[in-house]
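Here is what each chain is made of, one letter per residue.
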Amino acid sequence: MQNKTRLVLLSVAMLSLVSCGQSKTYADHLEDYVHTMRYHDDFNILQLTDIHWNYNTSNAASKVYLEKVIQEAKKHAPGGKIDLIELTGDQFMLANAFHVESFMKFFEEQAEKEGFMYAIIWGNHDHHGIYNPNWLSQTFKNAAHCIYSDEEDNLYGRSNFVIDLTVDGTKAGAVKWQIANLDSGASFSETAVSPFREYDYIRKDQTDWWVKEHARAGEAVPAIAYYHIPQQDNGIAWDDIHVRGATYKNKFFKLEKFCDNGLEAYASDFLDTASKHNLKAAFQGHAHNVDWTVEYKGVTLGLGVKTGTELYFAHIDVNDPDPAMKEGLASVGINENFDLIGASLVTLKNDAGAFDLEHLYLNERTSGDFVKWVKW
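Undergrad: Which residues make up the overall build of the protein chain, and what values do they have?
TA: Counting its regular elements, the protein chain contains 8 helices and 17 strands. A buried classification covers 55% of the 376 residues belonging to the protein chain. Just so you have it, the protein chain exposes about 16,000 Å², and 53% of that area is on carbon and sulfur atoms.

Structural data, given as structure tokens:
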């Protein structure tokens, strides 16, 4: 019995050593999280968010809509080309392998045809599918035009990586802009200990990781961040304007909560810290009835327009008496009813940190599609 016990203990110890050897410390492997693209002035980033491809989705109809959005953005963007698409979470919800593979096939074909790359960030509903999350992660890694990282490390989350825009598109070239992608949590745990959360947040180790990645690229390098779940800063900015009377530039529609649950334990330090390290903008998804944007702590902080009609979205009524609706309508200058779906376009104008932001509202209509661009 003693020999068997010793054998079991030895086996456990060996497995622990192997496991520890496979998990790396992020601070010692910063290069592993780095992807590169060639920088040019008027670099165009199209944000698509909360597509929610699911068991009830018509793949054919959804592909038609997505292609319309991509083509409209391409036509409208400076230079007539989309360089990068940021998919900021909730690509899927209650989906299976067929939906995932159809989705990825569509984006691979579009990327090949149009010459863009696309980056993927996890959202909370991406965990809710009839597949193993590790399989989904590997599917992202295997796609030829997909930019994505999921390292075996001590860093929270699955989709933490940076895209360095360099003069020659290689890691050896000087970095002109940095695009940070972060896993903002899932409101769902993959462990059996805590299957559900209220909402999640960007951890301190993720903030530390990005600060180190930015220092590696150069403190003078302007940066932009994408993640899925809005953090408590969004709610603070809203209250500063509408409760405490502060004067900020703000625009577009805010018709539901920012998902700040008010728990101190879930407060993120990311924006407060990143604003001191040349972060120019941070954009999220998750809240379908919100595409509100505000200037906060020197950072343009906002949400992308929900892409497509899956799940739910806001119906904008020009006669709605709600003050938030009126404020939104006044900020965009639109005088007809429409649905709050479409995309967001960021154009990096130069390497000094200047950028443009525009929101696209695209509704399919039998009498001709509703297409409106509104500049921030």
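Next, the rest of the story.
Undergrad: Describe the pattern of salt bridges, and please don't skip the residues or the numbers.
TA: Counted under the stated rule, the structure contains 25 salt bridges. Asp 240 is the salt-bridge partner of Arg 244, the closest N and O atoms lying 2.6 Å from each other. A network of salt bridges, in which partner residues are shared, links Asp 42, Lys 349, Asp 356 and Lys 375.

Undergrad: Break down the packing of aromatic side chains for me, citing the residues and quoting the values.
TA: Tallied over the full model, the rule gives 20 aromatic pairs. Their ring planes at 70 degrees and their centres at 6.0 Å tell us that Trp 210 and Phe 270 sit as a pair that is edge-to-face. Remark: Phe 270 occurs in helix α7 (residues 270-274) and Trp 210 occurs in helix α5 (residues 204-217); sequence separation between them is 60 residues. For the pair Trp 210 and Phe 270, a shared accessibility class is recorded, and that class is buried. Between Phe 338 and Phe 370, the ring centres sit 5.2 Å apart and the planes meet at 15 degrees, which makes this aromatic pair stacked. With a gap of 32 residues between them, Phe 338 in strand β14 (residues 338-339) and Phe 370 in strand β17 (residues 370-375) connect regions that are remote in the sequence. Through successive ring pairs, a cluster of aromatic residues spans Trp 53, Phe 92, Phe 103, Phe 106, Phe 107 and Tyr 118.

Undergrad: Outline the sheet that holds strand β12 (residues 299-303), supporting the account with residue identities and numerical values.
TA: Taken in spatial order, the 8 strands of this open sheet run β1-β6-β7-β8-β10-β12-β11-β9, and their pairing is mixed. Two strands close off the open sheet at either side, each with one partner strand: β1 (34-38) and β9 (250-251). The pairing of strand β6 (residues 161-166) with strand β7 (residues 175-181) spans 6 bridges and is classified as antiparallel. When the sheet's bridge partners are listed, Val 162 is paired in β7 with Ala 180. The strands touched by α5 are β1, β6, β7 and β8 (223-226); relative to β7, the strand with the most contacts, the crossing angle is about 165 degrees.

Undergrad: Explain the packing of helix α3 (residues 97-114) against helix α4 (residues 133-142) to me, using residue names and the numbers behind them.
TA: At a minimum axis distance of 11 Å, the contact between α3 and α4 shows a crossing angle of 15 degrees. By the angle between their directions, the pair α3 and α4 is classed as roughly parallel. As α3 packs across α4, the resulting crossing turns out to be right-handed. Contact residues: α3 offers Ala 97, Val 100, Glu 101 and Met 104, while α4 offers Trp 135, Leu 136, Thr 139 and Phe 140. Considered class by class, the residues forming the contact of α3 with α4 number 6 nonpolar, 1 polar and 1 charged.

Undergrad: Hey, could you go over helix α2 (residues 59-76) for me, with residue numbers and the actual values?
TA: With 18 residues, α2 extends 26 Å from end C-alpha to end C-alpha; this agrees with the ideal 26 Å at 1.5 Å per step. All of the buried residues in α2 are Asn 59, Ser 62, Tyr 65, Leu 66, Val 69, Ile 70, Glu 72 and Ala 73. Within α2, the buried residues cover an arc of 165 degrees as seen down the axis, which keeps them to one side. Across from the buried face of α2, at angles greater than 90 degrees, the exposed residues are Ala 60 and Lys 75. Buried residues in α2 make contact with β2 (43-48), β3 (84-88), α3, β15 (342-348), β16 (355-363) and β17.

Undergrad: An account of the pairing of β16 is requested, with residue identities and associated values reported.
TA: The buried count for β16 comes to 8 of 9 residues, which makes it a mostly enclosed element. Relative to β16, β15 is paired through 7 bridges, and the arrangement is antiparallel. Bridge assignment links Val 346 to a residue of β16, and that residue is Leu 357. If you look at the hairpin formed by β15 and β16, you'll find 6 residues sitting between the two strands, and Gly 353 has a positive phi there, around 105 degrees. Alignment of β16 against β17, held across 6 bridges, turns out to be antiparallel. Looking at the pairing, Tyr 361 lines up with Lys 372 of β17. Joining the antiparallel neighbours β16 and β17 is a turn of 6 residues, in which Gly 368 adopts a positive phi near 120 degrees.

Undergrad: Hey, could you go over the confidence of the model for the protein chain for me, with residue numbers and the actual values?
TA: Summarising the model, the protein chain shows a mean pLDDT of 91, and 90% of its residues fall at 70 or more. Of all helices and strands in the protein chain, the one with the weakest mean pLDDT is helix α1 (residues 2-22) (41), whereas β3 scores best (99). Confidence over residues 1-21 falls short of pLDDT 50; this stretch has 0 contacts with residues more than four positions distant or in other chains.

Undergrad: Go over the pairing of β15 with me, naming the residues and quoting the values.
TA: Within β15, 7 of the 7 residues are buried, leaving the element largely enclosed by the surrounding structure. Taken together, the 5 bridges between β2 and β15 define a ladder with antiparallel strand orientation. In the sheet register, Gln 47 faces β15, and the bridge partner there is Ser 344.

What counts and what doesn't
Residues numbered from 1 in each chain as written. Predicted model: local features only at pLDDT ≥ 70, side-chain atom pairs only at ≥ 80, totals over all residues. Heavy atoms only, no water. Helix = DSSP H or I, 4+ residues; strand = E, 2+ residues; numbered from the N terminus. Buried < 20%, exposed > 50% of the residue type's maximum accessible area, 1.4 Å probe, protein only. Areas by Shrake-Rupley, 256 points an atom, 1.4 Å probe, with all protein chains shown as cover. Salt bridge = Lys/Arg side-chain N within 4 Å of Asp/Glu carboxyl O. Phe/Tyr/Trp six-rings, centres within 6.5 Å; stacked < 30°, edge-to-face > 60°. Pairing = 2+ DSSP bridges. Contact = heavy atoms within 4.5 Å. Axes fitted to C-alpha atoms, helices over the stretch in contact; angles between N-to-C directions. Parallel < 35°, antiparallel > 145°, perpendicular 65-115°, else oblique. Left-handed = near helix turned anticlockwise from the far one by under 90°. Nonpolar A, V, L, I, M, F, W, Y, C, P; charged D, E, K, R; others polar. Expected span 1.5 Å × (residues − 1). Arc of directions from axis to C-beta. pLDDT = per-residue confidence, 0-100.

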